[in-house]
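# Residue-level structural notes
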Amino acid sequence: MKLKKGKSLCFFSAKGGVGKTTNLINLAGIFQQLGKKVLMIDLDLYSGGLANALNKPFDMSIYNVADDFLNNRFENFEKYVVRVAESIDLLCAPKDPRDASKIQIRYIEDIISNAVFNYDVVLVDMNHALTDFNLMALSVVDQINFITTNYNSIKFLFYIYIIINFYYIFFS
C-alpha cells in the first residue's frame, strides 16, 4: 500500500515583524476549510510565538519529538501536538530556549519528513535568522513562502537562494 504524502511549506523572511506567523495561521484556516489535515510547526526555537498567538498552553514541544527520535521512542505526532481546531494541530517551540540548543539539526529533517505522511499540509513557521535549523527546513520543505515588505528583502532572497543551494550540495 502506497502512503499518501502531504505538502510542506515554510514561511521565511529577511526580517522580523512582516507577518509570517499571521499568514501561516490564516493559511492553516484556509486549508482546514478545504478539508485538509494541517500541522503547524513552530521552528522559531528560541522565541516561538505560535502557541502564544493562538492562546494554546502546551506541555510537549519539538524538543520532545527530537529527543524521542534520538532515543527511538517516537511513535506518532499525537503525543506531542496541541489541537488548535478540528483538523489543525500545532507542534510548539520549546518553552525553555535552552532546550533548543539540545536539538540535533538532523531531526528537523526527520520531523518534517515524517509529518508529511501524517498530515495533508505541514506549515513551518521560522524566524528570520539563517540558522542551521532554518537552512535544514528550507532545504527539506516543498515550498518556501518568502514574506517581504520592500525591495531590499528581495535582494536578500537571492542570497538566501545561493546559500540554500550551497547547503544542499555540500550537506545533503
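This text goes with the structure placed above it.
Residues numbered from 1 in each chain as written. Predicted model: local features only at pLDDT ≥ 70, side-chain atom pairs only at ≥ 80, totals over all residues. Heavy atoms only, no water.

### Digging into the pattern of salt bridges
Any two side chains of opposite charge can pair if their charged atoms end up close together. In this structure the tally under the stated criterion is seven salt bridges. Here D68 ties to K79 by a salt bridge, and the two come within 3.4 Å at their closest N and O atoms. Linking D68 in helix 3 (residues 62-70) with K79 in the loop between helix 3 and strand 3 (82-85), this pair joins segments that are 11 residues apart in sequence. A salt bridge links R98 to D96; the nearest nitrogen and oxygen atoms lie 2.7 Å apart. R98 sits in the exposed class, given a relative accessible area of 61%. (Salt bridge = Lys/Arg side-chain N within 4 Å of Asp/Glu carboxyl O. Helix = DSSP H or I, 4+ residues; strand = E, 2+ residues; numbered from the N terminus. Buried < 20%, exposed > 50% of the residue type's maximum accessible area, 1.4 Å probe, protein only.)

### Here we look at the packing of helix 5 (residues 106-115) against helix 6 (residues 132-140)
Axis separation between helix 5 and helix 6 bottoms out at 9 Å; the angle between their running directions is 35°. Taken as a pair, helix 5 and helix 6 cross one another with a handedness that is right-handed. Together, I108, E109, I112 and S113 of helix 5 and F133, M136, A137 and V140 of helix 6 make up the contact between the two elements. Classifying every residue of the contact of helix 5 with helix 6 gives six nonpolar, one polar and one charged. (Axes fitted to C-alpha atoms, helices over the stretch in contact; angles between N-to-C directions. Left-handed = near helix turned anticlockwise from the far one by under 90°. Contact = heavy atoms within 4.5 Å. Nonpolar A, V, L, I, M, F, W, Y, C, P; charged D, E, K, R; others polar.)

### Things to note about the sheet that holds strand 5 (residues 121-125)
Read from one edge of the open sheet, six strands run 3-4-2-5-1-6, paired in mixed fashion. In this open sheet, the two edge strands, each paired with only one partner strand, are strand 3 and strand 6 (143-147). On average, each strand axis in the sheet is tilted by 25° relative to the strand beside it, whichever way the strands run. Alignment of strand 2 (residues 38-42) against strand 5, held across five bridges, turns out to be parallel. Across the sheet, the residue bridging to V38 is V121, located in strand 5. Of the strands in this sheet, strand 1 (7-13), strand 2, strand 4 (88-91) and strand 5 are in contact with helix 5, which crosses strand 2 at around 165°. (Pairing = 2+ DSSP bridges.)

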